[in-house]
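Next come the chains, spelled out residue by residue.
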Amino acid sequence: MSIASFCGDRMRRVILVALVASLLAATPAFALREIMIGNAPLGPDGFEKEVLAAFNVPERTVLSAGPSDGDYEVYFHGGPKALNDALRKFAAIKAGKHEVILVPFAATPFDLGKESYPYDWTMRISGDRPNRRVKATGLATMTVYIPNVGPPVLADPAAARKWIADLGNDNFKVREQATKELAALGTPAAALFREALKSKITPEAHDRLEKLLADVSKDIRVDVLELPAGVTFVGPDDLLARARTKLADKSPTVRGHGATDLAECGVPAEEVLPELEKMLKTESEWESHAAYGAVWGAYRLGAAAKPLLPALRTAAGSKDKDFSKACQQIIESLEKTKDDPVPADEAKKRATIRKEIRELLSVRK
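Predicted model only: the values in this text are computed from it and were never measured. (Residues numbered from 1 in each chain as written. Predicted model: local features only at pLDDT ≥ 70, side-chain atom pairs only at ≥ 80, totals over all residues. Heavy atoms only, no water.)

### Some details on helix 3 (residues 157-166)
Item 1. Every buried residue of helix 3 is listed here: Ala159, Ala160, Ile164 and Asp166. Take helix 3 and look down its axis: the buried residues cluster within an arc of 155°, on one side only. Facing away from the buried side of helix 3 by more than 90 degrees, the exposed set consists of Ala158, Lys162 and Ala165.
Item 2. Elements in contact with the buried residues of helix 3: helix 4 (172-185), helix 5 (190-197) and helix 6 (203-215). (Buried < 20%, exposed > 50% of the residue type's maximum accessible area, 1.4 Å probe, protein only. Helix = DSSP H or I, 4+ residues; strand = E, 2+ residues; numbered from the N terminus. Arc of directions from axis to C-beta. Contact = heavy atoms within 4.5 Å.)

This is how it looks when you write it as structure tokens:
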């Protein structure tokens, strides 16, 4: 079954010819991917049932397929309830390994020129098609973008617990008043609501608490995540540590992948620029896979990589024509890119969310 046959009335299909920079070659490669817009149901005979369950949801906005048969990157736009449902469905996909990456900022909308599509999480699977059914055989990855900081600490948890207890009172007026008091607490009470829902309470109290929790959990934050078992969760600090481990490897190819990973681990550019600059200035690395990785890492950072321009210009003096050309292309790209610094308040918010992710994963471990 070809992916083209998935198209329905609510879907528009376009072919995207994407330029993919190769770490392992001196020249870029072109990859043909098929982009499908919308959430029309995918055919039941084309996927393993777990993959189909994860993809066939109202929140799906974009599906990108290829270049290899069985490779998919899918984009979703929704709230915490849909996200937690997606996490459970992702964990159920039969794959060699599941990994969820938590990112401390909002995703940049998927851009198709005249149109763009916002999203909040993605799923990526690579597999084969035994019996013409997509089955993940390697690493299945889900990336969750977290743009909101967690709620402040509840001022008076004792009073909140009393009102929660009052939800089971025999007097209707007492239950109503307790509900109003709890609703007024806002997002700081979310953790207590979740805690209470796990205890033995009356059916009515359970219903009231669920509605209260839904009202204070409309934004994607660290505290709303429900982490299923059997899945590896990583944050920016884990990805940064992985990248630096690769940089210390003896293989230039591995170091090249590490350089690229530096630019994609979700940390501020100033944390990784010194390492990329060092690789670009090391003449012994020139023309190696490691150097290409550093050049591609600079490109991935965009305007934030402009401090690397002097090192890139020096590296462009390489006698290797292909490497010199690659450097020149990145230089031209950076020079044309408009400065787009992260505002101070946004940087502060990202740092806070990054810390919340680190603390969440530390507790999980």
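### Describing the side chain of glutamate 73
Item 1. Within the secondary structure, glutamate 73 sits in strand 4 (residues 71-76).
Item 2. No salt bridge forms around the buried glutamate 73; measuring N to O, its nearest opposite-charge neighbour arginine 124 is 4.2 Å away.
Item 3. Once you skip the residues sitting within four places of it in the chain, glutamate 73 turns out to touch Arg33, Val62, Leu63, Ser64, Met123 and Arg124. (Lys, Arg positive; Asp, Glu negative; His and termini not counted. Salt bridge = Lys/Arg side-chain N within 4 Å of Asp/Glu carboxyl O.)

### Describing the pattern of salt bridges
When charged atoms on two side chains of opposite charge get close, those side chains can pair.
Item 1. Inspection of every chain in the model, using the stated rule, returns 23 salt bridges.
Item 2. A salt bridge links glutamate 50 to lysine 94, with the shortest nitrogen-to-oxygen separation between them at 3.9 Å. Of this pair, glutamate 50 sits in helix 1 (residues 49-55) while lysine 94 sits in the loop between helix 2 (80-92) and strand 5 (97-103), and the two are 44 residues apart along the sequence.
Item 3. What makes glutamate 50 buried here is its relative accessible area of 14%.

### Remarks on the packing of aromatic side chains
Geometry of an aromatic ring pair is reported as the spacing of the ring centres plus the angle between the planes.
Item 1. Overall, the coordinates contain eight aromatic pairs when judged by the stated rule.
Item 2. Seen from their ring centres, phenylalanine 105 and tyrosine 145 are 6.4 Å apart, and the 55° between their planes marks the pair as tilted. Placement of phenylalanine 105 in the loop between strand 5 and strand 6 (110-111) and of tyrosine 145 in strand 10 (residues 139-145) is noted, with a sequence separation of 40 residues between them. Accessibility assignment for this pair places phenylalanine 105 and tyrosine 145 in one class, buried.
Item 3. When the ring of tyrosine 292 is compared with that of phenylalanine 323, the centres are 5.3 Å apart and the planes differ by 85°; the resulting orientation is edge-to-face. (Phe/Tyr/Trp six-rings, centres within 6.5 Å; stacked < 30°, edge-to-face > 60°.)

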